[in-house]
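Listed below are the residues making up each chain.
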Amino acid sequence: MALQCGIVGLPNVGKSTLFNCLSNAKAQSANFPFCTIEPNVGVITVPDERLNKLAELIHPQRIVPTTVEIVDIAGLVKGASKGEGLGNKFLANIRETDAILHVLRCFDDENITHVDGSVDPVRDKEIIDAELQIKDLETVDARITKVQKQAQTGGDKQAKLAYDVLVKFKEALEQGKSARTVTFDTKDEQKIAHELFLLTSKPVMYVCNVDEASAVNGNAYVEAVREAVKEENAEILIVAAKIESEIAEFETYEEREMFLGEIGLQESGVSRLIKSAYRLLNLETYLTAGVQEVRAWTYLRGSKAPQCAGVIHTDFEKGFIRAEVIKYDDFIQYGSEAAVKEAGKMSVEGKEYVVQDGDIMHFRFNV
């Protein structure tokens, strides 16, 4: 399931450093703008302690985690919507992603230049927002020109619906609001809105890149960002990219855990970021568990059993008969599949069953 999160931000805010920590892809990281020109794509393992817990009980031959794709996109500057800097390339790359990780510089360091001369994460956010909104407004205006006549004089209900959706977006964008702030009541409206693929309609998470002293509780910059985005229904994550670089150098799990404990963190920022990116893409995980392998499978939240079976193989979906489902907590409590069955805790589900995150699934099918 190749859904992607794009890492965006102004030059020199720590995007590539963070990407290197995520993927060990070693994207070029330098103290000047545009050191990332082609988007680097990293296929990142999603941390999931449930796999290790199941493996302790089952002793499988292998453990297979699920993954998420992260794209490091070139830094944007003011005027990108008009082609300034690498604007057109940036906008094309971001359009291809499914969600946005917007990195904001929330630390002072006189040795790292800022493209606008001073540290102000709210201003930086607004620069990128404005560029994306300008591009979206161009898209919306072009579409309105196409459907307006049909909507107003042709009696075309679909054109009228599309026109109403476009006008709502236009009003928001002209007020400096992103498309994601606009809500629609009906499924038809939501479908039209989705098919516009507006840049500012993508789900976003703001990643505040802080110094080591602010890694646990944040700082005044983070609070300013929090206040600025409070109406966006967006998540904020605090990460110290410099610390994450140090953590990535440790060879053993024990060394990393000791270092995290010393600075007061229970989990690395990278681990939290990957999990958050996964949620941002509306993804969840079901599990399969046996002596050959314990494995995590990715599916879109809200999917039913046949669609989830199809993640393993299309034949599983075509010939779906039923799904045998064990809740993760029940498996851990009883210790084995046989014990769960004996306790009457395994359920048999049909085609309408909506799979839940952490379900341990066994599919019956016939092709």
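Since we're looking at a predicted model, the values are computed, not measured. (Residues numbered from 1 in each chain as written. Predicted model: local features only at pLDDT ≥ 70, side-chain atom pairs only at ≥ 80, totals over all residues. Heavy atoms only, no water.)

A. Quick peek at the nonpolar core. Counting 59 residues, the largest nonpolar core has Ile70, Leu101 and Val225 as its most contacted members. When residues of this core are assigned to their parent elements, the largest contribution, six residues, is made by helix 10 (residues 269-280). Not counting residues within four places of it along the chain, the set of residues in contact with Ile70 comprises Cys5, Ile7, Phe19, Leu22, Asn40, Val41, Gly42, Ile44, Leu101 and Ala277. If you look at the next biggest cluster of nonpolar residues, it comprises 20 residues, including Ala151, Ala162, Tyr163 and Phe184. (Core = buried A, V, L, I, M, F, W, Y, C linked by side-chain atoms within 4.5 Å. Buried < 20%, exposed > 50% of the residue type's maximum accessible area, 1.4 Å probe, protein only. Helix = DSSP H or I, 4+ residues; strand = E, 2+ residues; numbered from the N terminus. Contact = heavy atoms within 4.5 Å.)

B. Local environment of the sheet that holds strand 2 (residues 40-45). Spatially, six strands are ordered 2-4-1-5-6-7 in an open sheet, and the strand pairing comes out mixed. Strands at the two margins of the open sheet, each flanked by one partner only, are strand 2 and strand 7 (235-239). Taking each pair of neighbouring strands and ignoring which way they run, the sheet shows an average axis angle of 25 degrees. Relative to strand 4 (residues 67-72), strand 2 is paired through six bridges, and the arrangement is antiparallel. Directly across from Ile44, in strand 4, lies its bridge partner Val68. The strands touched by helix 4 (residues 121-153) are strand 5 (99-105) and strand 6 (204-209); relative to strand 5, the strand with the most contacts, the crossing angle is about 145 degrees. (Pairing = 2+ DSSP bridges. Axes fitted to C-alpha atoms, helices over the stretch in contact; angles between N-to-C directions.)

C. Geometry of the packing of aromatic side chains. One pass over the full model with this rule turns up six aromatic pairs. Between Phe169 and Phe184, the ring centres sit 5.3 Å apart and the planes meet at 75 degrees, which makes this aromatic pair edge-to-face. Taken together, the residues span a long stretch of sequence, with Phe169 in helix 5 (residues 157-174) and Phe184 in the loop between helix 5 and helix 6 (187-195) at a distance of 15 residues. You'll find Phe169 and Phe184 in the same group, each marked buried. Considering the side-chain rings of Tyr286 and Phe363, the 5.7 Å spacing of their centres and the 85 degrees angle between planes classify their relative orientation as edge-to-face. Here Tyr286, found in strand 8 (residues 283-289), pairs with Phe363, found in strand 12 (residues 360-365); they are 77 residues apart in sequence, far enough to count as distant. Grouping residues by exposure puts Tyr286 and Phe363 together as buried. Three or more aromatic residues joined by ring pairs form one cluster here, namely Tyr286, Trp297, Tyr299, Phe320 and Phe363. Lying across the ring of Trp297, Arg295 places its NZ or CZ 4.2 Å from the centre. (Phe/Tyr/Trp six-rings, centres within 6.5 Å; stacked < 30°, edge-to-face > 60°. Lys NZ or Arg CZ within 6 Å of the ring centre and 35° of its normal.)

D. Representation of the pairing of strand 10 (residues 320-326). The buried count for strand 10 comes to five of seven residues, which makes it a mostly enclosed element. Here strand 10 pairs with strand 12 via six bridges, running antiparallel. Bridge pairing in strand 12 places Val325 opposite Met361. For strand 10 and strand 11 (residues 347-349), the ladder comprises three bridges, and the chain directions are antiparallel. In the sheet register, Glu324 faces strand 11, and the bridge partner there is Val348.

E. Molecular detail of the environment of His59. Relative to the helices and strands, His59 is located in the loop between helix 2 (49-58) and strand 3 (62-64). A distance of 3.3 Å separates a polar atom in the side chain of His59 from the backbone oxygen of Glu56. (Polar contact = N/O pair within 3.5 Å; in protein donor to acceptor, adjacent residues only side chain to side chain.)

F. Just the state of the cysteines, in detail. By the definition in use, this model includes zero disulfides. For Cys106, which is in no disulfide, the shortest distance to another cysteine sulfur is to Cys208 and amounts to 3.9 Å. Accessibility expressed as a relative area gives 0% for Cys106, which makes it buried. (Disulfide = S-S within 2.5 Å.)

G. Expanded view of the packing of helix 5 against helix 6. Here helix 5 crosses helix 6 at 65 degrees, and the two axes come no closer than 10 Å. Judged by the inter-axis angle, helix 5 sits roughly perpendicular to helix 6. Like other packed secondary-structure pairs, helix 5 and helix 6 cross with a definite hand, here right-handed. Note on element contacts: helix 6 touches helix 5 through Asp188, Glu189, Ile192 and Ala193, opposite Gln158, Leu161, Ala162, Val165 and Phe169. In the contact of helix 5 with helix 6, the residues fall into six nonpolar, one polar and two charged. (Parallel < 35°, antiparallel > 145°, perpendicular 65-115°, else oblique. Left-handed = near helix turned anticlockwise from the far one by under 90°. Nonpolar A, V, L, I, M, F, W, Y, C, P; charged D, E, K, R; others polar.)

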